[in-house]
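As a plain string of letters, each chain reads:
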Amino acid sequence: MRATSIRLRPDLDDLGRLQRFIRRFCDRHGLDETLHNRVQLACEEWFVNVVKHGFGEGGSGNAAGAAPEAPDIAVRLALTRPDGLTIRLTDNGPPFNPDEHPLPDLSLPAEQRPIGGLGVYLIRTLANSLHYERKDGRNELTLRMTAGGQPDNGSKNGEEPK
Amino acid sequence: MNLNATPHGNCMIIRIEGRLDGNTSPRLEQEILRLCEEGHHRLAFEMDALDYVSSAGLRVLLLAVKKTRAAGGRVALYGVGPAIREVLEISGFLSLFPVLGTKEEALDILA
């Protein structure tokens, strides 16, 4: 199994580094553009969430209420099959379980749509499977993605939003 | 990301090239707010050179819909590639604005 990792600062400036890291991995292993795009999207949605809600935007670390430990944000990509990969996203921000995140109401007209709230939904829909664990003060989100096939519109593990 | 706004009759064509992500979306947001303030409420987004969109970009497109509708205007998209279409579809955005094949079709709908 081929795997590679990157550590990120809680700063949107690092989004470009994350994007290049994913691009290199997908190119090296010949993953197709559709899968590459989905990996980019899932990882960006997670990273932007962690930066904005986990550590506070900018993540200077000395603001009131900031995480007491130094921020530790990491992405690990591993080739699991000839045509798929496992993405492990970890951070030591406050607990955030995507399974408990409410699903957006996609039937609302534009006027009533909230601005935002789609990121977690995109991650859930794009991944073939999703597993969340809070372990040793860290969020660990594991996604599996394979080439081909359609995203299945959100309802992972047969769970309904509470 | 490159942005280019070109007036066409009573419409404004906004060409977006590259990536519309968490870093670049604020620039599109500023541009849309500026255009709306200047009285442009019929916006055609030219997307044939847009490679990638994330929820940060969708957020700005929704803002454009809300802003223009509040002023009696409208938004249309054209030249949308498969990667962008997939994200619009998953997010239920295809019902928020017409997604058309050509500039002419978009301008027809907006006029």
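Located above this text is the structure these notes cover.
Since the model is a prediction, treat every value here as computed from it, not as a measurement.

## What to know about unusual backbone geometry
All names here are of chain A. Positive phi, normally seen in glycine, also occurs at Asp-136, with a value near 50°. Along the chain, the position of Asp-136 falls in the loop between strand E4 (129-135) and strand E5 (138-146). Accessibility expressed as a C-beta count within 10 Å gives 7 for Asp-136, which makes it exposed.

## Some thoughts on the environment of A:Leu85
All names here are of chain A. In this fold, Leu-85 is placed in strand E3 (residues 84-91). Judged by local crowding, Leu-85 falls into the buried class, with 24 C-beta atoms found within 10 Å. Linking Leu-85 and Leu-35, residues 50 residues apart in sequence, is a C-alpha distance of 9.4 Å. Each residue touching Leu-85, except ones within four places of it in the same chain, is listed here: Leu-31, Val-39, Leu-77, Ala-78, Leu-79, Thr-80 and Met-145.

## Quick notes on the interface of chain B and chain A
Taken together, the contact between chain B and chain A spans 20 residues of the former and 21 residues of the latter. Mapped by element, the contributors of at least two residues to the side of chain B that touches chain A are helix H2 (55-70) and helix H3 (82-90) of chain B. Sort the elements by how many residues they give to the side of chain B that touches chain A and H2(B) lands first, with nine residues.

## Some words on the packing of helix H1 (residues 25-37) of chain B against H2(B)
Describing two packed helices takes the angle between their axes plus the distance from one axis to the other. Residues and elements named next belong to chain B. Where H1 meets H2, the axes come as close as 9 Å, and the angle between the chain directions of the two elements is 10°. When the axis of H1 is compared with that of H2, the two are roughly parallel. Note on element contacts: H2 touches H1 through Ala-56, Gly-57, Arg-59, Val-60, Leu-63, Ala-64, Lys-67 and Thr-68, opposite Ser-25, Leu-28, Glu-29, Ile-32 and Cys-36. Class assignment of the residues belonging to the contact of H1 with H2 gives a composition of seven nonpolar, three polar and three charged.

## Here's the deal with helix H1 (residues 15-28) of chain A
In an α-helix, one turn spans 3.6 residues, which is why side chains three or four residues apart end up on the same side. Here H1(A) contains 14 residues, and its C-alpha end-to-end distance of 20 Å stays within 8% of the 20 Å for a straight helix at 1.5 Å per residue. The secondary structure elements touched by the buried residues of H1(A) are strand E1 (3-8), helix H2 (33-54) and strand E2 (73-81) of chain A.

Reading the values: the criteria
Per-chain numbering applies: the sequence of each chain, read as written, is numbered from 1 onward. For naming, the first written chain is A and the first written ligand is 1, with later ones following in the order written. Given that the model is predicted, a residue must reach a pLDDT of at least 70 before its local features are reported, and side-chain atom pairs must reach 80 or more before they are shown or counted; all residues, however, enter totals for whole chains, interfaces and linings. Elements are defined by DSSP. Helices are runs of H or I of four residues or more, strands are runs of E of two residues or more, and each kind is numbered from the N terminus. Three exposure classes are used, based on other C-beta atoms lying within 10 Å of a residue's own C-beta, which is placed from the backbone: buried for 20 or more, exposed for 12 or fewer, and partly exposed in between. By the convention adopted here, residues are in contact when the distance between their C-beta atoms, placed from the backbone, does not exceed 7 Å. In this analysis an axis means a line fitted to C-alpha atoms, helices contributing only their contacting stretch, and an angle means the value between N-to-C directions, from 0 to 180 degrees. Roughly parallel covers angles under 35 degrees, roughly antiparallel covers those over 145, roughly perpendicular covers 65 to 115, and oblique covers all other angles. Amino acid classes used here: Ala, Val, Leu, Ile, Met, Phe, Trp, Tyr, Cys and Pro are nonpolar; Asp, Glu, Lys and Arg are charged; the rest, including Gly, are polar. The span you would expect from a helix comes to 1.5 Å times its residue count less one.

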